[in-house]
Structure formats: C-alpha cells, structure tokens
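# Structural overview
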Amino acid sequence: MKRNLQQGFTLIELMIVIAIVGILAAVALPAYRDYTLKARNAETIAAGSAMQSTIAEFASVNKDMPTTVDSPTLASTSHVGSVAWTRTSATAGTILITMKAAAPAQEEMRSKTVVLSASMSSDGGVVWTCGPGATEPMPVKFLPSTCQTAAGSS
C-alpha cells in the first residue's frame, strides 16, 4: 500500500505563521516609529552644534560668554524651526532649539524644545549639557542618547 505524502501546508500551520507575523509586527512597528523619531530628533543637536563651537571659541578667547550669537541657517527640509542663544550670566547661557510647528507625521515633536546649557569651567572651556526644554519639552525617549543620560528620567 502506498502512503500519501503531504504536499504544502495545512490551514492551521498557515494560521499559526500569520499569527506569529502579526505579533511581531505589533511589537516592531511602534519600536521602529520611536527609532525614526529619535533619529530625526538628532537633527536638533546638529542644528545647535555650529552655535556651540562659536560660543566655545568666543568663551575661550574672551573668558566670557557672548551676549549674542547669529542663528544658523536652517535648510527648508529641516525639522528644526529655530535655534536661539540666551546669555544667562558671564559664565553661562543656553541654546534653545525649537522644532517646527507643522511637521507631518511627527505630532509628538511639533513645537517641542531642547535646551543645550553652557557653563564655563575654571580653565575657560565650556561644558555642555542638554535636555528637554522648559516649555513644550521634548519627550526624553525621543532625545539623542547623549541628552537622555544628562536629562535622566524626568
């Protein structure tokens, strides 16, 4: 007597595979979305870096923080709306980076702020820390990893 060999998959096997793929997608898609938002948000630090080097150079030469710094020119495709320097004392100041108010598919980042705080060390160097802004703060989970360690879990 010949045995019939099974060819193909049974319906239950296909349903199990589809269920597994569905579960993986349900876990992976939110993680991927957070990752892409975090990557886009890395642009905030890049937008402030030109200003950081200008401030650090001024401070090392003059042993004082600048009163004004020109804002960098932002590309039209940038997610960053504005970058502004505020001197808070002779040895400290902040760069406030604000995301654009109308950024498609980025509702969690619209108008959010990131602050780069500068403080002058005794040798004339500038120490930078970053974190969410005071008004409309950027959620910590979307900050670049260098800011997350400085911001803690607030």
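As shown above, the structure is provided for reference.
Membership of the largest hydrophobic core comes to 25 residues, with the highest contact counts inside it found for Met51, Ile55, Met65, Val83, Trp85, Ile95 and Met138. Listed by contribution, the elements that provide at least two residues to this core are helix H1 (11-62), strand S1 (80-89), strand S2 (92-99), strand S3 (113-120) and strand S4 (126-132). Top contributing element to this core by residue count: H1, with 5 residues. Not counting residues up to four positions away in its chain, the partners in contact with Ile55 are Met65, Pro66, Val69, Trp85, Ile95 and Trp128.

So, on to the sheet that holds S1. Hydrogen bonding along the main chain pairs the strands of a sheet, whether they run parallel or antiparallel. Spatially, 4 strands are ordered S1-S2-S3-S4 in an open sheet, and the strand pairing comes out antiparallel. Of all the strands in the sheet, just S1 and S4 have a single pairing partner and so form its edges. With direction set aside, neighbouring strand axes in the sheet form an average angle of 20°. The sheet contact formed by S1 and S2 spans 8 bridges and is antiparallel. Note on S2: the bridge partner recorded for Arg87 is Gly93. Strands in contact with H1 are S1, S2, S3 and S4; relative to S1, the strand with the most contacts, it is inclined by about 35°.

Moving on to the pattern of salt bridges. Overall, the coordinates contain 3 salt bridges when judged by the stated rule. Two residues, Arg87 and Asp64, come together in a salt bridge whose shortest N-O distance is 3.4 Å. Pair noted here: Arg87 is in strand S1 and Asp64 is in the loop between H1 and S1, with a separation of 23 residues, a long-range link. Relative accessible area serves as the criterion here: at 29%, Arg87 is assigned to the partly exposed category. In this structure, Glu136 engages Lys112 in a salt bridge whose closest nitrogen and oxygen atoms are separated by 3.3 Å. Note that Glu136 is positioned in the loop between S4 and helix H2 (145-151) and Lys112 in the loop between S2 and S3, a separation of 24 residues in sequence.

The subject of this paragraph is unusual backbone geometry. One non-glycine residue with positive phi stands out, namely Lys63, at about 55°. Of the residues examined, Lys63 reaches a relative accessible area of 52% and is grouped as exposed. Even without being a glycine, Ser111 presents a positive backbone phi close to 60°.

Definitions and cut-offs
- Residues numbered from 1 in each chain as written.
- Predicted model: local features only at pLDDT ≥ 70, side-chain atom pairs only at ≥ 80, totals over all residues.
- Heavy atoms only, no water.
- Core = buried A, V, L, I, M, F, W, Y, C linked by side-chain atoms within 4.5 Å.
- Buried < 20%, exposed > 50% of the residue type's maximum accessible area, 1.4 Å probe, protein only.
- Helix = DSSP H or I, 4+ residues; strand = E, 2+ residues; numbered from the N terminus.
- Contact = heavy atoms within 4.5 Å.
- Pairing = 2+ DSSP bridges.
- Axes fitted to C-alpha atoms, helices over the stretch in contact; angles between N-to-C directions.
- Salt bridge = Lys/Arg side-chain N within 4 Å of Asp/Glu carboxyl O.

As far as function goes, none of this settles anything; it's purely spatial.
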